[in-house]
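Now for the letters of each chain:
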Amino acid sequence: DAGITQSPRHKVTETGTPVTLRCHQTENHRYMYWYRQDPGHGLRLIHYSYGVKDTDKGEVSDGYSVSRSKTEDFLLTLESATSSQTSVYFCAIRMTSGGIYEQYFGPGTRLTVT
Amino acid sequence: AQSVTQLGSHVSVSEGALVLLRCNYSSSVPPYLFWYVQYPNQGLQLLLKYTSAATLVKGINGFEAEFKKSETSFHLTKPSAHMSDAAEYFCAASRDQTGANNLFFGTGTRLTVIP
């Protein structure tokens, strides 16, 4: 357990509404990530952060923004949700073990956009 | 960027039979490789990782994986399947010593264990 929580765990929203997902960690890890999981695609990186106010885009960043104002929280925002953003969203943190980096995942948020 | 291919989106085995889940990577430089397991409605749990220290890697729950550079493969095996092994398995790769070490995932293999 890497001390990662995600909120909400489930959300249903309407097309065009803004949505913010929260990832919270308790162990002061520098790197945090947001992924989305879709059938047939595995997990794909949306955005990641390498420190407070330091973020970068991943493979599928269009339509998403992120913010990290303090180490423990990494927020993912869908400015205007679309049905294509219906997915399960996972947050992850990076730890070092045995000299290499490993990622540990939160429990996920299931988002449905109607 | 890394590319990871998992052959077979669904694999079914009988309880007690050998489990073999296939993963190939595409990179001229061997990446760090990982296997994750996802049980229904849960997050991903790290099963094992390849770090170049040994080509045969043992993980949790009796799983192991062998890195074969000549075949660019990192297949996951378990000698005897248990019902509790039913889950989705993801292979992932990363190779970035100076950056974020972002993970690139395969599309996953769902393992069904038949009693």
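About the criteria used
Just so you know, the residues in each chain are numbered from 1, in the order the chain's sequence is written. Naming scheme: in the order in which they are written, chains are lettered from A and ligands are numbered from 1. Totals for whole chains, interfaces and linings use all residues, but because this is a predicted model, local features are given only for residues with pLDDT of at least 70 and pairs of side-chain atoms are given and counted only at 80 or more. Calculated side-chain values reflect all of the structure's heavy atoms, with hydrogen atoms and water omitted. Basic side-chain nitrogens of Lys or Arg form a salt bridge, by our definition, when they fall within 4 Å of a carboxyl oxygen of Asp or Glu. Remark: exposure states derive from per-residue accessible area (1.4 Å probe, protein chains only) relative to the maximum for the residue type, with buried under 20%, exposed over 50%, and partly exposed in between. Paired strands, as defined in this entry, are two strands with at least two bridges between them according to DSSP. By definition, any uninterrupted DSSP run of H or I lasting at least four residues is a helix, any uninterrupted run of E lasting at least two residues is a strand, and each is numbered from the N terminus. As a rule, the C-alpha atoms of each element are fitted with a line to give its axis, helices using only the stretch in contact, and angles between N-to-C directions run from 0 to 180 degrees. Pairing of aromatic rings covers Phe, Tyr and the six-membered ring of Trp, with a centre-to-centre limit of 6.5 Å; geometry is then stacked below 30 degrees between planes, edge-to-face above 60, and tilted otherwise. Ring-over charges, as used throughout, are those where CZ of Arg or NZ of Lys falls within 6 Å of the ring centre and within 35 degrees of the ring normal. Note on disulfides: each one is a pair of cysteine sulfur atoms within 2.5 Å.

Caption draft 1: Main features of the pattern of salt bridges. Residue and element names in this part refer to chain A. Applying the stated criterion across every chain, the model contains 8 salt bridges over all chains. Residue aspartate 38 is joined to arginine 36 by a salt bridge in which the shortest nitrogen-to-oxygen separation is 2.7 Å. On the basis of relative accessibility, which here comes to 10%, the residue aspartate 38 falls in the buried class. Take arginine 36: its relative accessible area is 8%, and that puts it in the buried class. Through salt bridges with shared partners, a single network forms among Arg22, Lys70 and Asp73.

Caption draft 2: Representation of the sheet that holds strand 8 (residues 73-78) of chain A. All names here are of chain A. Within the open sheet, the 4 strands sit side by side as 1-3-8-7. Their pairing is antiparallel. The open sheet has two edge strands with one neighbour each: strand 1 (4-7) and strand 7 (64-70). The mean inter-strand angle of the sheet, taken between neighbouring strand axes irrespective of direction, is 20°. One ladder, built from 4 bridges, connects strand 1 with strand 3 (residues 19-25); its direction is antiparallel. Bridging across to strand 3, glutamine 6 finds its partner in cysteine 23.

Caption draft 3: Region of interest: the packing of aromatic side chains. For the structure shown, the criterion picks out 18 aromatic pairs over all chains. Consider the rings of A:Phe105 and B:Phe105, whose centres lie 6.0 Å apart with planes at 75°: the pair is edge-to-face. Here A:Phe105, found in strand 10 (residues 100-105), pairs with B:Phe105, found in strand 11 (residues 104-105), and the two come from separate chains. Both residues of the pair, A:Phe105 and B:Phe105, count as buried. These aromatic residues form a ring-pair network of at least three members: A:Tyr31, A:Tyr33, A:Tyr35, A:Tyr48, A:Tyr50, A:Phe105, B:Phe34, B:Tyr36, B:Phe90 and B:Phe105. The ring of A:Tyr31 carries the charged tip of A:Arg94 above its face, separated from the ring centre by 3.7 Å. Taking the ring centre of A:Tyr101 as reference, the NZ or CZ of A:Arg94 above it sits at 3.4 Å.

Caption draft 4: Representation of the state of the cysteines. Summed over the entire model, instances satisfying the criterion amount to 2 disulfides over all chains. Between A:Cys23 and A:Cys91 runs a disulfide, and the two sulfur atoms are separated by 1.8 Å. Note on the A:Cys23 and A:Cys91 pair: the S-S dihedral is about -70°, so by sign convention the disulfide is left-handed. Residue A:Cys23 is found in strand 3, and its partner A:Cys91 is found in strand 9 (residues 87-97); the two are separated by 68 residues along the sequence. Note on A:Cys91: relative accessible area 0%, which makes it buried. The disulfide partner of B:Cys23 is B:Cys91, and the S-S distance across this bridge is 1.9 Å. Sign of the S-S torsion, about -65° for the bond between B:Cys23 and B:Cys91, identifies this disulfide as left-handed. With a gap of 68 residues between them, B:Cys23 in the loop between strand 3 (19-21) and strand 4 (24-26) and B:Cys91 in strand 10 (residues 87-94) connect regions that are remote in the sequence. Each member of the pair B:Cys23 and B:Cys91 is classed as buried.

Purely spatial values, then, with no claim about function.
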